[in-house]
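Analysis of the macromolecular model
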Amino acid sequence: MPSTTPHRVHNIPDITSIVFKCLNVETSLNHALVCKAWLEPALDEMWWYINQPWRYSAAGILPCAWTRFDYYARRIRCLLYQDDGSSELEADIDVSVLVEIARARPKLILLPHLQHLAWYSIHFGYATLFMHSELSNLEISIEADLMDEHAFKEAGTFLYEYLLRSLRRLEELGLPRYWITTSVLATVAALPCLEAIRSDIYGHCKGDIKDVEIIDDFSPQEGSFPVFNILIFDISFTCATKLFQNATFPARLTRLWINAIDFVVPSTLHNFLQLCAAGYPALIALGFDLFPNDPDSFIPSGEITLETLKPLLSRPTIEEFHLIHSELCFTDSDLEEIAQRWPYLTELHLAPDPYIDSPPRLTLSALVSLATHCPGLYHIGLYLDPAAPSPYSDPLSLPSISIPSLPNIHCIDFGTSPISKEVSKPVALFLSRLCSTSCLIRGSKQLSLDLCIESGPRTSWHIDDERWSRIVDYRKLWMAVENDLPFLVASRAAESKRGTALRRKLNTFKVRKQKISSFKR
């Protein structure tokens, strides 16, 4: 008769905790009912992340409920509160409940082990109910349109004059667009554990753009930002250059994303990249969104070429590079040089959705260059012409050409790259040599329903009906390529396996023939 005694490995808390982290909430609930030994780790996992909390009325909180509340509150590590301030979307916690919690709470710290707080609500003041000095990750998103201007500015002032100074263990900070101002930087500069500041550059919540136009006044003191390494924010490139020229700004930065609020000419970007290459040796990931903040007043600022990026090409440790600009001018030979200089690339994104409707200069050869020199690529975004003459545009010659594969590739974004029905099948055949069955093929992913293209947080820029029609057709054809790709990759893998088996059998026959010939002699 089999023993019902659990294996002694189940008595090791760390192993049990690891097992339960791999389960979903429903499964954890079932395991919590098995035995007392599994109750605690199951509840810890179930209450670790709360994204749709309580839906109580103000009268639903009784004094006796706080004891039961504490039993679960100590398990919560991450809390998301989202409320758009309208009646159309019900808040996770009614505001009257927050008022009642603030009035009747028996102690100041309600969630003693909370590590990550995401607060997406205009009721910013109530976020302090769930904060404490050990909080390590704070995300704030406030819709300015739902608040009056005075209240919105007061929320920002309260954030950097009081709140951030008390969160001494803060490691990551996420703020709305245009909220990373001189005052915020001066406040967080002294936080000893802060590693990352992220502006919600692709969100709709934003402050006043004028607040980040004077960020060049910031002068950090010696010893500021002791462990800081990630910065994502909105700024003008003139201010960015002055900021990064400051010797006391953290040279240990590893990831930098700049969302430009002004027009950037190639020479300005070139000078900034020179500054980054010389003064920030730890940088491995850079992103620049240089799309015009006001597309209606767009003025061509010149083409960005390989010469513009030359200062950064001297850094072979670059792993991620994103560049969004209205006028990129890169050729196949340029992409090959980039791939040779950055062999550790995992992400390369070069504006696959250009603002200006111009013919692509890249061909399928660019993908082969990247696959040859950067085998670790995970994401690629290019604007290219798959029908342009290249050694890989003829499907009949593909079997005789050696094409390296990208074993780690997850997504190739072709944006608004032109493609015809006649070319879609050969392109899918070519990509089957390059990609795996799980690779995603994207085309014009930023299409919206009101006949415009949205580029991240920027204002929608309208296009004429003719170009819109072409982009819709391109997107459908790229989707067809994505649908054909798994079958072609699987067929090629099966054919390769069959060829390997035939070669093995042929070698066996050759060995037997040699043995028979030697036996006859």
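These remarks concern the structure in this document. (Residues numbered from 1 in each chain as written. Predicted model: local features only at pLDDT ≥ 70, side-chain atom pairs only at ≥ 80, totals over all residues. Heavy atoms only, no water.)

**What to know about the overall build of the chain**
Broken down by element type, the chain carries 14 helices and 16 strands. The 521 residues of the chain split such that 47% are buried. On the chain, roughly 26,300 Å² of surface is accessible, and the fraction owed to carbon and sulfur atoms is 55%. (Helix = DSSP H or I, 4+ residues; strand = E, 2+ residues; numbered from the N terminus. Buried < 20%, exposed > 50% of the residue type's maximum accessible area, 1.4 Å probe, protein only. Areas by Shrake-Rupley, 256 points an atom, 1.4 Å probe, with all protein chains shown as cover.)

**Focus on the packing of helix 11 (residues 332-341) against helix 12 (residues 364-373)**
Closest axis-to-axis distance for the helix 11/helix 12 pair is 9 Å, and the angle between their directions is 15°. In terms of their interaxial angle, helix 11 and helix 12 are classed as roughly parallel. Helix-helix and strand crossings are classified by hand; for helix 11 and helix 12 the assignment is right-handed. Contacts between helix 11 and helix 12 involve Asp332, Leu335, Glu336, Ala339 and Gln340 on the former and, on the latter, Ser365, Ala366, Ser369, Leu370 and His373. Counted by class, the contact of helix 11 with helix 12 contains 4 nonpolar, 4 polar and 2 charged residues. (Axes fitted to C-alpha atoms, helices over the stretch in contact; angles between N-to-C directions. Parallel < 35°, antiparallel > 145°, perpendicular 65-115°, else oblique. Left-handed = near helix turned anticlockwise from the far one by under 90°. Contact = heavy atoms within 4.5 Å. Nonpolar A, V, L, I, M, F, W, Y, C, P; charged D, E, K, R; others polar.)

**A few points about the packing of helix 8 (residues 237-245) against helix 9 (residues 266-279)**
Contact pair helix 8 / helix 9: the axes reach a minimum separation of 10 Å and the direction vectors enclose 15°. In terms of orientation, helix 8 lies roughly parallel with respect to helix 9. For the crossing formed where helix 8 meets helix 9, the hand is left-handed. Between helix 8 and helix 9, the residues in contact are Phe237, Ala240, Thr241, Phe244 and Gln245 and Thr268, Leu269, Phe272 and Leu275, respectively.

**Side note on the pattern of salt bridges**
Scanning the model with the defined rule gives 14 salt bridges in all. Residues joined in a network through salt bridges with shared partners are Asp357, Glu466, Arg467 and Arg470. (Salt bridge = Lys/Arg side-chain N within 4 Å of Asp/Glu carboxyl O.)

**Quick word on the nonpolar core**
With 120 residues, the main nonpolar core has Phe244, Phe288, Phe321, Leu323, Leu367, Leu382 and Leu431 as its most contacted residues. Leave out the neighbours within four places in its chain, and Phe288 touches Phe237, Ile258, Leu269, Phe272, Leu273, Phe321, His322, Leu323 and Ile324. (Core = buried A, V, L, I, M, F, W, Y, C linked by side-chain atoms within 4.5 Å.)

**Focus: the packing of aromatic side chains**
Taken as a whole and assessed by the stated rule, the structure comprises 15 aromatic pairs. Where Phe244 meets Phe272, the ring centres are 5.4 Å apart and the plane angle is 75°; that geometry is what we call edge-to-face. On the criterion of sequence distance, the pair formed by Phe244 in helix 8 and Phe272 in helix 9 is long-range, its members being 28 residues apart. Ring centres of Tyr392 and Phe430 lie 5.8 Å apart, and the angle between their planes is 50°; on these two criteria the pair is classed as tilted. In this pair, Tyr392 is assigned in the loop between strand 12 (379-381) and strand 13 (411-413) and Phe430 in helix 13 (residues 421-434), connecting sequence segments 38 residues apart. We note that Tyr392, like Phe430, is buried. Ring pairing ties together the aromatic residues Phe237, Phe244, Phe272, Tyr280, Phe288, Phe321 and Trp342, which thus form one cluster. For Arg75, the ring lying beneath its charged end belongs to Tyr71, and the centroid distance is 4.7 Å. (Phe/Tyr/Trp six-rings, centres within 6.5 Å; stacked < 30°, edge-to-face > 60°. Lys NZ or Arg CZ within 6 Å of the ring centre and 35° of its normal.)

**So, the side chain of Arg467**
You can see Arg467 is positioned in helix 14 (residues 465-520). Of the polar contacts made by the side chain of Arg467, one reaches the backbone oxygen of Pro354; its length is 3.1 Å. (Polar contact = N/O pair within 3.5 Å; in protein donor to acceptor, adjacent residues only side chain to side chain.)

**Here we look at the pairing of strand 5 (residues 172-175)**
Bridge analysis of strand 4 (residues 137-141) against strand 5 gives 3 bridges, and the strand direction is parallel. Its bridge partner being in strand 5, Glu139 is matched across the sheet by Gly174. For the crossover from strand 5 across helix 7 (residues 182-188) to strand 6 (residues 196-199), the handedness is right-handed. (Pairing = 2+ DSSP bridges. Right-handed = clockwise from strand over helix to strand, strands pointing away.)

Without other data, these values stay purely geometric and don't point to any function.
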